[in-house]
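What follows is the residue order along each chain.
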Amino acid sequence: MKTTILCAALLAVSTPLLVAQLVDKNKAPNTAEEGISKSLAQQAGAGRGDPFTPNSSVFLITRDPFRSIRRGRQLFQRKFTRAEGQGPNVGDGAGNVNSTLAIGAGLADSCAGCHGRPRGAAGAGGDVVTRPDSRDAPHLFGLGIKEMLGDEITAELRERRRRALVEARAGGEAVTRPLVSKGISYGVLTARPDGSVDVSRVSGVDPDLRVRPFFHHGGTISIREFIAGALQNEMGLQSVDPELLAASQGRRLITPSGMLLDGSLDKIESPPTGDPNADPDGDGVKNEIPAALVDHLEFYLLNYFKPATYQQTDATREGRRLFEQTGCASCHIPDLQIDRDRRVADVETVYDPDKGIFNNLYATATPLFRVVDDGRGFPAMKLPKMEPFLVRNIFTDFKRHDLGPNFYERNYDGTLQKEFMTTALWGVGTTAPYGHDGRSINLVEVILRHGGEAQESRDSFARLAPAEQSRLTDFLATLVLFPPDDTASNLDPGARNLTNFPQYGHGSIKLTALFNNPGDIE
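Residues numbered from 1 in each chain as written. Predicted model: local features only at pLDDT ≥ 70, side-chain atom pairs only at ≥ 80, totals over all residues. Heavy atoms only, no water.

Student: Tell me about the overall build of the protein chain, and please be specific about residues and values.
Tutor: Summing up its helical and strand segments, the protein chain has 11 helices and 22 strands in all. Relative to the compact-globule value of 24 Å for 522 residues, the protein chain shows a C-alpha radius of gyration of 23 Å, a close match. Projecting the C-alpha coordinates of the protein chain onto the three principal axes gives extents of approximately 65 × 55 × 50 Å. A buried classification covers 52% of the 522 residues belonging to the protein chain. For the protein chain, contacts bridging at least 24 residues in sequence account for 67% of all contacts bridging at least 6. Accessible area of the protein chain: about 21,700 Å², with a carbon and sulfur share of 51%. Of the side-chain charges in the protein chain, 59 are positive and 66 negative, and the distance between the mean point of each set is 3 Å. (Helix = DSSP H or I, 4+ residues; strand = E, 2+ residues; numbered from the N terminus. Rg over C-alpha atoms; globule rule 2.2 N^0.38 Å. Buried < 20%, exposed > 50% of the residue type's maximum accessible area, 1.4 Å probe, protein only. Contact = heavy atoms within 4.5 Å. Areas by Shrake-Rupley, 256 points an atom, 1.4 Å probe, with all protein chains shown as cover. Lys, Arg positive; Asp, Glu negative; His and termini not counted. Charge placed at Lys NZ, Arg CZ, Asp CG, Glu CD.)

Printed below as a string of structure tokens:
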């Protein structure tokens, strides 16, 4: 499959660009013809279905995956209404916040209400008081990559534990083995002949060896759980997900996006309900978010773009060298490899002043799927190749660390959260203010805020000359998020000579060109 296929019929397709939050054109028609073309019922389509049920979520994910991604994106940007079940939030703001942190969550009418900057992106920008000192909403660029890496690290750590137990039983004596995955050390464990395991020297991960890559404290395993929780806690919308409910009760689930959730091995977060006839929040609206809509949201976030890399100069390259010299890269590891990539495409976005006709960034989409004609008379299946993929410039180690009192977080019950996941630094150049709580106003301040396990690296940075510190932070400033609707790409390169440029013709990452039927607008 050649990359040029991604551009097929591109110039023949003329569709309005998406923006940040979106109205439903069926409910709010407008002269500019901006907004979502399909109603919520049309987006739910034929339900979950299967690869042989047209317009079902599984059919689209399997045979028209870029439509599913775009539909998920429209759902992410959609402004939900009270008639569709939006609000109230958990407890309507009242209750025991010591144990029900969701009471402190915001009440938004769109996912983009918290994750909406830069414009039209699944970015950052929200803030909630689920803790007394608040939590900032992180950006969601590369979310699927983080899910896959966290899951693969978990599998490897658990396999090392299994082999150590086999050795201990076979040899009749305790066996101590290092826990290493993708070059990252998670300490050591000792397996005993009786089947017990000493995890007292395991570090950066829970004793069950499950990496939980989502939320600052590392609390959630999967995108699907994240979606169900956010819809409920931040928007007052209840997803109906019987399979996820079964997994939370000990069953095994492989989601339509290919994520394995095994309730016999892990604590899976429960959705609000599995019954489409239930009304958990008593607002008179049933089946608010059918499983098919969750399927599209999950597939969208699995495939969501990586952050971009802005202009690299001699100064920024020196800054990267200083970043490594000071020891920052010991936790903020630059590159990690996925062994089995479940995405159907990758988008690489870099500084290119020639092709980046609006913001000096240009995105190149590359297919990661294989075409399989199953002879059933439907469009061919487009299945992920499941090949290795080297993730560059992610800058994390998927571990929790104690960074000292400056980063400690108060909980409503009076306890302190002392350990946090290493923040992936991709996108850090456009996500100020910094820290899980947004209390650090710039990059220098958040670096100097480090202590605890990062004290030595922090002190190394502090000893740099001011000009060297500037070069290091200049390097970090090149790790940026970007607005997909305003970034030229090989799917829509744009044209500077178009009338009313740049309101029109600035280019975009136009997934519509990749639909089986580009004329059927989402």
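Student: Explain the state of the cysteines to me, and be specific about the residues and the numbers.
Tutor: Counted by the stated rule, this structure contains zero disulfides. No disulfide involves Cys-114; its sulfur sits 8.8 Å from that of Cys-111, the nearest cysteine. In this model Cys-328 remains outside any disulfide bridge; the closest cysteine sulfur is found in Cys-331, 9.1 Å from its own. Accessibility expressed as a relative area gives 13% for Cys-328, which makes it buried. (Disulfide = S-S within 2.5 Å.)

Student: Account for the nonpolar core, naming residues and giving values.
Tutor: Counting 76 residues, the largest nonpolar core has Phe-66, Tyr-186 and Ile-394 as the members making the most contacts within it. With nine residues, the single largest contributor to this core is helix 4 (residues 143-171). Grouped together as the second largest cluster of nonpolar side chains are 20 residues, Phe-407, Val-428, Leu-464 and Leu-472 included. (Core = buried A, V, L, I, M, F, W, Y, C linked by side-chain atoms within 4.5 Å.)

Student: Pulling in residues and values, what's your account of helix 11 (residues 466-476)?
Tutor: Residues Gln-469, Leu-472, Thr-473, Phe-475 and Leu-476 constitute the buried set of helix 11. When helix 11 is viewed along its axis, its buried side chains cluster within an angular range of 150° and face the same direction. (Arc of directions from axis to C-beta.)

Student: How would you sum up the packing of aromatic side chains? Please name residues and give values.
Tutor: Using the criterion set out here, one finds 14 aromatic pairs in the structure. Ring geometry for Phe-214 versus Phe-226: centroids 6.3 Å apart, planes at 45°, classification tilted. Of the two residues, Phe-214 sits in the loop between strand 7 (197-198) and helix 5 (223-235) while Phe-226 sits in helix 5, which places them 12 residues apart along the sequence. In this structure, Arg-343 is placed above the aromatic ring of Phe-389, and the distance from its NZ or CZ to the ring centre is 4.6 Å. Across the ring face of Phe-407, the terminal group of Arg-449 is positioned such that the distance to the ring centre comes to 4.3 Å. (Phe/Tyr/Trp six-rings, centres within 6.5 Å; stacked < 30°, edge-to-face > 60°. Lys NZ or Arg CZ within 6 Å of the ring centre and 35° of its normal.)

Student: Run through the sheet that holds strand 7, naming residues and quoting values.
Tutor: Pairing within the open sheet is antiparallel, and its three strands lie in the order 5-6-7. Of all strands in the sheet, those with a lone pairing partner are strand 5 (175-181) and strand 7, marking the two edges. Against the sheet, helix 4 makes contact with strand 5, strand 6 (184-191) and strand 7, and its axis sits at roughly 165° relative to strand 5, the strand it touches most. (Pairing = 2+ DSSP bridges. Axes fitted to C-alpha atoms, helices over the stretch in contact; angles between N-to-C directions.)

Student: Describe unusual backbone geometry, with residues and values.
Tutor: Omega for the bond connecting Ala-432 with Pro-433 falls within 30 degrees of zero, at -5°, which places this linkage in the cis form. Mapped onto the elements, Pro-433 comes out in the loop between strand 20 (419-421) and helix 9 (443-448). The amide bond that connects Phe-501 to the next residue, Pro-502, takes the cis arrangement and shows omega of 10°. Its place among the elements puts Pro-502 in the segment after strand 22 (488-489). With a phi angle near 60°, Met-386 is a residue other than glycine that sits in the positive phi range. On the secondary structure map, Met-386 appears in the loop between strand 15 (381-384) and strand 16 (389-391). Non-glycine residue Phe-395 carries a positive phi angle of around 60°.

Student: Lay out helix 5 with the relevant residues and their values.
Tutor: With 13 residues, helix 5 ought to run about 18 Å at 1.5 Å a step, and its terminal C-alpha atoms sit 17 Å apart, in line with that. Residues Ile-223, Arg-224, Glu-225, Phe-226, Ile-227, Ala-228, Leu-231, Glu-234 and Met-235 constitute the buried set of helix 5. Directly beyond the C-terminal end of helix 5, a positive phi value near 70° is found at Gly-236. (Expected span 1.5 Å × (residues − 1).)

Student: So what about the pattern of salt bridges? Which residues, and what values?
Tutor: Within the structure shown, the criterion is met by 48 salt bridges. Of the charged contacts, one joins Glu-318 and Arg-321 as a salt bridge, the two residues approaching to 2.6 Å between their closest N and O atoms. Of this pair, Glu-318 and Arg-321 both sit in helix 8 (residues 314-325), three residues apart, which is roughly one turn of that helix. The exposure class assigned to Arg-321 is partly exposed, which follows from its relative accessible area of 40%. Several salt bridges share partner residues, and in doing so they unite Lys-38, Asp-64, Arg-67, Arg-71, Asp-520 and Glu-522 into one network. (Salt bridge = Lys/Arg side-chain N within 4 Å of Asp/Glu carboxyl O.)

Student: Give me the environment of Ala-230: which residues, what numbers.
Tutor: Of note, Ala-230 is situated in helix 5. Ala-230 sits in the partly exposed class, given a relative accessible area of 23%. Counting along the chain gives 128 residues from Ala-230 to Ala-102, while the straight-line C-alpha distance between them is 9.4 Å.

Student: A description of the packing of helix 8 against helix 11 should follow, citing residues and the corresponding values.
Tutor: In the contact formed by helix 8 and helix 11, the axes pass within 7 Å of each other and the chain directions differ by 100°. The angle between the axes of helix 8 and helix 11 places the two elements in the roughly perpendicular class. Taking contact as the criterion, the partners of Ala-315, Thr-316, Glu-318, Gly-319, Arg-320, Leu-322 and Phe-323 in helix 8 are, on helix 11, Glu-468, Arg-471, Leu-472, Asp-474, Phe-475 and Leu-476. Class assignment for the residues of the contact of helix 8 with helix 11 results in six nonpolar, two polar and five charged. (Parallel < 35°, antiparallel > 145°, perpendicular 65-115°, else oblique. Nonpolar A, V, L, I, M, F, W, Y, C, P; charged D, E, K, R; others polar.)

Student: So what's going on with the packing of helix 5 against helix 7 (residues 291-302)? Residues and values would help.
Tutor: The geometry of helix 5 relative to helix 7 is characterised by a closest axis approach of 9 Å and an angle of 120° between their N-to-C directions. Considering the angle they form, helix 5 stands oblique to helix 7. Viewed along their axes, helix 5 and helix 7 form a crossing whose handedness is right-handed. Counted together, Ile-223, Arg-224, Ile-227 and Leu-231 of helix 5 and Ala-291, Val-294, Asp-295, Leu-297, Glu-298, Leu-301 and Leu-302 of helix 7 form the full contact between these two elements. (Left-handed = near helix turned anticlockwise from the far one by under 90°.)

Student: I'd love a proper account of the environment of Gly-284, names of residues and values included.
Tutor: Here Gly-284 lies in the loop between strand 9 (260-262) and helix 7. Note on Gly-284: relative accessible area 63%, which makes it exposed. A sequence separation of 171 residues divides Gly-284 from Gly-113, and the C-alpha atoms of the two residues are 24 Å apart.

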